[in-house]
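Structural characterization, general
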Amino acid sequence: PLMHNAAYRAMGLRARYQLFEGEHPEKTLALIRDGGIRGVSVTLPFKEAVLPLLDEVAPDALHVGSVNTVTNVDGRLRGDNTDWTGLARDLRGRVDIRGKTVAVVGAGGAARAAVYAVQQEGGIPVVVNRTRTRGETLAGRFGCSFLPLPEIGSLCADGLINTTPVGMMPRVDESPVDRSVLCRLGWVADIVYNPPATTLLREAAGQGCKAIDGIGMFVNQGAEQIRIWTGQAAPMERMRWVVEEALNQRSEVASQRSEVGGRSEGR
Ligand code: ATR
């Protein structure tokens, strides 16, 4: 909400984005349709469940198999997926994907968006996952190869995208990938954006890789939602600044808390 509302203010629009917690997607979508709400972002665990409930789903969202954006067009609800476009746009111009092999770590909804993004940008994705069946299913769906996570040592790739939650606050010391494989990669991107400098990215930078944090993808997916809902370009620099400020404040609060905890433990 902070990012969206800052964007609407900067755009001079009388729009408000607020959190809405609903347990039943059918009821929530009926409220959106009847309440004249222009659009909603759909978050976990409803990104797949909303698909059959919409009047129309964009072909790319159908392909990815999830919807993160719903738009109310005169009472008809349309689903889009801006997770994959957010990632593709963020990577474009920063790294060269065309004809290159890119490892996608994970096999959930975020991995589907990443595999699709890599393919759309002309790259060759390789799915790397802890659970073989899930990884093979995803690889089969997109016609790409699969490598079990424990065998990542044999990976031959130009780049790597982490789509697992490993390294996310509060377990910030964890990395989904052993450090030893990083020196063979040109770049590493992490969809985790809290913290922005994950252990994976810090280790990748230490091995000479280009490290791409998750804030750019997050801002890009939100900017595309704003474009879909308003027809106008979103103020991306302002959005990025707001997100970074909020994350900085949170990490300051977290480190103050751990300092207090550390002191009391020492007593
Ligand atoms: P999302 O839809 O947001 O991508 P998800 O469906 O829960 O979320 O998928 C998360 C992915 O992260 C899964 O592929 C999961 O691996 P498994 O298929 O083996 O469950 C992966 N993941 C989560 N925690 C992990 C960990 N500690 N190490 C390795 N992979 C992990």
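Each remark here, short or long, concerns the structure printed above.
Residues numbered from 1 in each chain as written. Predicted model: local features only at pLDDT ≥ 70, side-chain atom pairs only at ≥ 80, totals over all residues. Heavy atoms only, no water.

A short note on the sheet that holds strand 3 (residues 69–73)
Heads up, the rule is: A pair of strands is treated as paired once DSSP finds two or more bridges between them. Under the scheme used here, helices are H or I runs from DSSP no shorter than 4 residues and strands are E runs no shorter than 2 residues, and both carry numbers assigned from the N terminus.
Within the open sheet, the four strands sit side by side as 1-3-4-2. Their pairing is mixed. With one partner strand each, in any of the chains shown, strand 1 (39–41) and strand 2 (56–57) form the two edges of the open sheet. Of the pairings in the sheet, the one linking strand 2 to strand 4 (residues 76–80) comprises two bridges and is parallel in character. Its bridge partner lying in strand 4, Glu 56 is registered against Arg 78.

Side note on the site of the ligand
What counts, and what does not: Put simply, a residue is near a molecule or strand once any heavy atom of it comes within 4 Å of that molecule or strand. Any pair of nitrogen or oxygen atoms within 3.5 Å is treated as a polar contact; in protein, a donor-acceptor pairing is required on top of that, and neighbouring residues in sequence qualify only through side-chain atoms on both sides. In short, Shrake-Rupley with a 1.4 Å probe defines the accessible areas, and a residue's cover is counted only from the protein chains shown. Residues are grouped as follows: Ala, Val, Leu, Ile, Met, Phe, Trp, Tyr, Cys and Pro are nonpolar; Asp, Glu, Lys and Arg are charged; every other residue, Gly included, is polar.
If you check the shell around the ligand, you find 14 residues, and the closest are Ala 107, Gly 109, Asn 129, Thr 131 and Arg 134. Within the backbone of Ala 107, one N or O atom sits 2.7 Å away from an oxygen atom of the ligand. At a separation of 2.9 Å, an oxygen atom of the ligand approaches a polar side-chain atom of Arg 130. Taking 640 Å² as the accessible area of the ligand by itself, protein coverage stands at 72%. Looking at the shell around the ligand, its residues break down into six nonpolar, six polar and two charged.

Re the packing of helix 5 (residues 109–120) against helix 6 (residues 132–142)
In plain terms, the rule: Only the stretch in contact is used when fitting a helix axis, every axis being a line fitted to C-alpha atoms; angles between N-to-C directions are given from 0 to 180 degrees. Here a crossing is called left-handed whenever its near helix is offset anticlockwise from the far helix by less than a right angle, and right-handed whenever the offset is clockwise. A contact between two residues is defined here by any heavy atoms of the two lying within 4.5 Å.
Between helix 5 and helix 6, the least distance of the axes is 11 Å, while the angle of their chain directions is 35°. The chirality of how helix 5 crosses helix 6 is right-handed. Facing helix 5, whose interface residues are Ala 111, Arg 112, Val 115, Tyr 116 and Gln 119, helix 6 presents Leu 138, Arg 141 and Phe 142. Looking at the contact of helix 5 with helix 6 residue by residue, the classes come out as five nonpolar, one polar and two charged.

Describing the packing of helix 4 (residues 83–91) against helix 8 (residues 215–230)
The relative placement of two packed helices is expressed as an angle between their axes plus a distance between the axes. Put simply, the rule is: Angular relationships are summarised with four words: roughly parallel below 35 degrees, roughly antiparallel beyond 145, roughly perpendicular across 65 to 115, and oblique for the angles in between.
At a minimum axis distance of 7 Å, the contact between helix 4 and helix 8 shows a crossing angle of 125°. Compared by their axis directions, helix 4 and helix 8 come out oblique. The way helix 4 lies across helix 8 gives a crossing that is right-handed. Residues Asp 83, Thr 85, Gly 86, Leu 87, Arg 89 and Asp 90 of helix 4 touch helix 8, and the partners they reach there are Gly 216, Met 217, Asn 220, Gln 221 and Glu 224. Of the residues assigned to the contact of helix 4 with helix 8, the class counts are two nonpolar, five polar and four charged.

Let's talk about the environment of Gln 232
On the secondary structure map, Gln 232 appears in the loop between helix 8 and helix 9 (236–266). It is 8.7 Å that separates the C-alpha atoms of Gln 232 and Met 11, two residues lying 221 residues apart in sequence. With sequence-adjacent residues up to four places away left out, Gln 232 is seen in contact with Met 11, Leu 13, Ile 226 and Arg 227.

Some thoughts on helix 5
Note the cut-off: Under the convention used throughout, the expected extent of a helix is 1.5 Å for every residue step, that is, one less than its residue count. Only protein chains enter the accessibility calculation, which uses a 1.4 Å probe; a residue is then buried when its area is under 20% of its type maximum, exposed when over 50%, and partly exposed in between.
The terminal C-alpha atoms of helix 5, which comprises twelve residues, lie 17 Å apart, in line with the 16 Å expected from a rise of 1.5 Å per residue. Every buried residue belonging to helix 5 is among Ala 111, Arg 112, Ala 113, Ala 114, Val 115, Tyr 116, Ala 117 and Val 118, and all of these are buried. On its buried face, helix 5 is in contact with helix 3 (59–64), helix 4, strand 5 (101–105), strand 6 (124–129), helix 6 and strand 8 (159–162). Immediately downstream of helix 5, the backbone of Gly 122 shows phi near 85°, a positive value.

Comments concerning the pairing of strand 4
With five bridges connecting them, strand 3 and strand 4 associate as antiparallel partners. Residue pairing across strands places Val 70 opposite Gly 79, the latter belonging to strand 4. What sits between the antiparallel neighbours strand 3 and strand 4 is a turn of two residues, in which Asp 74 has the positive phi angle 50°.

Let's talk about the state of the cysteines
What counts is decided by this rule: Disulfide: a pair of cysteine sulfur atoms within 2.5 Å of each other.
Per the counting criterion, the structure on display carries zero disulfides. No disulfide involves Cys 156; its sulfur sits 11 Å from the nearest other cysteine sulfur, which is in Cys 183. A residue is classified by how much of its surface remains accessible, and Cys 156, at 70% relative accessible area, is exposed. Cys 209 supplies the cysteine sulfur nearest to Cys 183, a cysteine that is in no disulfide, at a spacing of 7.9 Å.

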